[in-house]
Amino acid sequence: MPTFELTPSMMREIIMDHYQNPRHKEKPSQDGYKTLHASSTNCIDDFDLFVKEENGVIKDALWDGVACTISTASTDILCDLVINEDSSKALYIIDQYLKMIGEQPYDESVLDEALVFVNTSKQAARIHCATMGWTTLKEIIEQDEDHHGGH
Amino acid sequence: MIDEKLIRKEFPMLSNPPLMQGHPLVWLDNASTTLKPQCVLDAVSSYYISRTSNSHRGDYDLCYSMDVETELTRKAVSKLINCSPNEVVFTSGTTDSLNRLAQSLQYSLKKGDEIIISLSEHASNVLPWFQIAKHTGAVIKYVELQKDGLITLENLRKTLSKRTKIVSLAQVGNVLGQIQPIKELVAETHKFGAIFIVDGAQSVPHMPVDVKDLDCDFLCFSGHKICGPTGIGVLYGKYKLLEDLELNSVGGGMNDKFYLDGTIKPSKAPAKFEAGTQNLEGILGLRAAIEFIMKIGLENIAEHEHKLKKYAVERIKELGNSVIYNADVKSGIVTFNINDVFAQDAATYLNSKGIACRSGQHCAKLLNDFIGTPATIRASFYFYTTKEDIDKLVDAVSHGKEFLDAYF
């Protein structure tokens, strides 16, 4: 949780900043990334998510493709939040975010800038946009855990 | 002249509009589906209130009357598009019509035969052809589009060959709204001995369509885009072609006899394409819709929509913050983007103002590279659309930069 109260105008600024200047929107330049494709039937969103894990820690997270503002900003902020976290913490962050979007009780202390999406459910058609990067990362991590028999 | 104010009273969704995001609904997504007048709702519910029975299935009066009703709807369709009632096959919609046609036509295709479509076709006029090309070894060719999406006779001529068996094109494009010169294209296609299929989903509801005049071999359209119910549509075919067309769906109601050795003796067209219980409430609703539309007049509808289109284009141009992709097209579709605002974000903002517009690729995923943008906003009009609806759209577009307001 940021140490200050997020005002609507700050929330807008954060969303627009990540939309106009995404930090993690690129294809990996090295090997060693796991990737999954994310796309939507009700929005144009269509991108790949790339994750590099070492010893259970997410060393890097990138994405590349076409996406609307909500999808772009939420996926970019996701990358910010999970880099250098171990995968179980990343899963925890993702679950808290999905709870927030689903209007259930959630732990806001781990969501930082992702809190700007708290109102997404006001535009039901965009809930999928706000969550597709997150559910895709969850799938990559869980696939990996299944592969290693869980831990 | 259309008195849209009077007409709107006939539509429950317009006379008592539902609220969307706290605003009375502004319906500008008519290319996607249309609203239903009370007479259509009454026709549909009458099936369940006082007319429930199957057709072709019994000896009692209710059942007989359902057969009569079905034929009356065929007659209404035949008046709408100027064909014979026995050239009208009921389907679930344009997609179903095109899929069924492709299924039947695949038996006549050989490896290397050619099917011509265009980059502006809706998925339902692309994917069925991809499927049968995969199975038969036929080749898909794309006729070149002009910048406005139109197909010239010359471009079609360049694409046609002795191997062309099928040309399948939309009369009105569902993204750019361009109206193709179908009659000339058909004549040219016939010189090569190929059949011409018209995807009429966006034309039949919006302008006079005369299949005899066009001389097309098949034409498909959907009931729900012409103020009728969902799940009912039409496949028109020249009777001789329907007679020769292979079966695509079999079961009860489409055969005269079948034998132990596996032989099926199909009923005559159109019954041979109508296996199983038909969408009877849909058939009743479709007739009510067609009668309603014809009373208003297709010429009047086309004129009204074009007038609104011109008005919308002028007003959006005045704002100076948008790019319009089909300003000069004479149908009721405006396709545009607000500068620096992603189409889907803009559509969400419009939603927050109670305005229903479509954004994205509109199921014509091959077209976007052609028009040079991954997604667009589409506002589409009908005879009940008013200038006030467009004013509300323009007002929202003028504030497009503030699209994140939708979330706050």
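Residues numbered from 1 in each chain as written. Chains lettered and ligands numbered in written order. Predicted model: local features only at pLDDT ≥ 70, side-chain atom pairs only at ≥ 80, totals over all residues. Heavy atoms only, no water.

1. Here's the deal with the overall build of chain B
Helix and strand counts for chain B stand at 15 helices and 17 strands. Relative to its 408 residues, chain B shows a buried fraction of 57%. If you take every contact in chain B between residues at least 6 apart in sequence, the share linking residues at least 24 apart comes to 71%. Accessible area for chain B stands at about 16,800 Å²; split by element, carbon and sulfur atoms hold 53% of it. (Helix = DSSP H or I, 4+ residues; strand = E, 2+ residues; numbered from the N terminus. Buried < 20%, exposed > 50% of the residue type's maximum accessible area, 1.4 Å probe, protein only. Contact = heavy atoms within 4.5 Å. Areas by Shrake-Rupley, 256 points an atom, 1.4 Å probe, with all protein chains shown as cover.)

2. Structural notes on the packing of helix H1 (residues 8-20) of chain A against helix H2 (residues 69-82) of chain A
Residues and elements named next belong to chain A. Where H1 contacts H2, the two axes come as close as 8 Å, and the packing angle between them is 90°. Overall, the two elements H1 and H2 adopt an arrangement that is roughly perpendicular. Contacts between H1 and H2 involve Ile14, Ile15, Met16, His18 and Tyr19 from the first element and Thr69, Thr72, Ala73, Asp76, Ile77 and Asp80 from the second. Each residue belonging to the contact of H1 with H2 can be placed in one class, and the counts come to six nonpolar, three polar and two charged. (Axes fitted to C-alpha atoms, helices over the stretch in contact; angles between N-to-C directions. Parallel < 35°, antiparallel > 145°, perpendicular 65-115°, else oblique. Nonpolar A, V, L, I, M, F, W, Y, C, P; charged D, E, K, R; others polar.)

3. With respect to the packing of aromatic side chains
Residue and element names in this part refer to chain B. By the definition in use, this model includes eleven aromatic pairs over all chains. With a centroid separation of 5.6 Å and 80° between ring planes, the pair formed by phenylalanine 11 and phenylalanine 292 is classed as edge-to-face. One end of the pair, phenylalanine 11, is in the loop between helix H1 (4-8) and helix H2 (12-15); the other, phenylalanine 292, is in helix H11 (residues 280-296), with 281 residues separating them in the sequence. This pair shows no difference in class: phenylalanine 11 is buried, exactly as phenylalanine 292 is. When the centroid spacing of 6.1 Å and the interplanar angle of 45° are considered together, the rings of phenylalanine 292 and phenylalanine 383 count as tilted. Of the two residues, phenylalanine 292 is situated in helix H11 and phenylalanine 383 in the loop between strand E17 (376-380) and helix H15 (387-398); the sequence distance between them amounts to 91 residues. For the pair phenylalanine 292 and phenylalanine 383, one class covers both residues: buried. Taken together through their ring pairs, the aromatic side chains of Phe11, Phe292, Tyr382, Phe383 and Tyr384 make up a single cluster. (Phe/Tyr/Trp six-rings, centres within 6.5 Å; stacked < 30°, edge-to-face > 60°.)

4. Comments concerning the domain arrangement of chain B
Residues and elements named next belong to chain B. Along its sequence, chain B is organised into domain 1 (4-30 + 297-407) and domain 2 (42-295). Computed from C-alpha atoms alone, the centre-to-centre distance between domain 1 and domain 2 is 29 Å. Taken together, the contacts link 29 residues of domain 1 with 32 residues of domain 2. With both chains or domains summed, domain 1 and domain 2 bury close to 2,300 Å², and 68% of this area falls on carbon and sulfur atoms. When the buried area of domain 1 at its contact with domain 2 is split by residue, Leu298, Leu366 and Phe370 rank highest and sum to 27% of it. Applying the counting rule to domain 1 against domain 2 returns zero salt bridges. The interface formed by domain 1 and domain 2 includes nine residue pairs in polar contact (both at pLDDT 80 or more). Listed by contribution, the elements that provide at least two residues to the side of domain 1 that touches domain 2 are helix H12 (298-319), strand E14 (333-338), helix H14 (367-371) and E17. (Domains from an automatic or database assignment. Buried area = accessible area lost by both parts, 1.4 Å probe. Salt bridge = Lys/Arg side-chain N within 4 Å of Asp/Glu carboxyl O. Polar contact = N/O pair within 3.5 Å; in protein donor to acceptor, adjacent residues only side chain to side chain.)

5. Description of the pairing of strand E8 (residues 195-199) of chain B
Residues and elements named next belong to chain B. Most of E8 sits out of view: five of its five residues are buried. Side-chain alternation along E8 places Ile195, Ile197 and Asp199 on one buried face and Phe196 and Val198 on a second face that is also buried. With helix H8 (residues 182-191) bridging strand E7 (residues 164-170) and the parallel E8, this β-α-β connection has right-handed handedness. Where E8 and strand E9 (residues 218-222) come together, three bridges link them in parallel fashion. Its bridge partner lying in E9, aspartate 199 is registered against cysteine 220. (Right-handed = clockwise from strand over helix to strand, strands pointing away. Pairing = 2+ DSSP bridges.)

6. A short note on the pairing of E9(B)
Each regular strand shows side chains that alternate between the opposite faces of the sheet. Residues and elements named next belong to chain B. Within E9, five of the five residues are buried, leaving the element largely enclosed by the surrounding structure. Here E9 shows a buried face lined by Phe218, Cys220 and Ser222 and a second buried face lined by Leu219 and Phe221. The pairing of E9 with strand E10 (residues 233-237) spans five bridges and is classified as antiparallel. Within E10, the position partnered with phenylalanine 221 by the bridge is valine 234.

7. Side note on the sheet that holds strand E16 (residues 358-360) of chain B
Residues and elements named next belong to chain B. Strand order across the open sheet formed by four strands is E13-E14-E17-E16, with antiparallel pairing between neighbours. Two strands lie at the open edges of the sheet, namely strand E13 (322-324) and E16, each paired on one side alone. For this sheet, the mean inter-axis angle between neighbouring strands, taken without regard to orientation, is 30°. Strand direction decides the pairing type here: E13 and E14, joined by three bridges, are antiparallel.

8. Focus on the sheet that holds strand E1 (residues 34-39) of chain A
Residue and element names in this part refer to chain A. Spatial ordering of the open sheet is given by E1-E2-E3, a layout of three strands whose pairing is antiparallel. Looking at strand neighbours, the two that pair on one side only are E1 and strand E3 (57-66), the edges of this open sheet. The mean angle between the axes of side-by-side strands here comes to 20°, regardless of whether they run parallel or antiparallel. Across nine bridges, the pairing between strand E2 (residues 46-54) and E3 is antiparallel. Across the sheet, leucine 49 pairs through a bridge with tryptophan 63, a residue of E3. Of the strands in this sheet, E2 and E3 are in contact with H2, which crosses E3 at around 165°.

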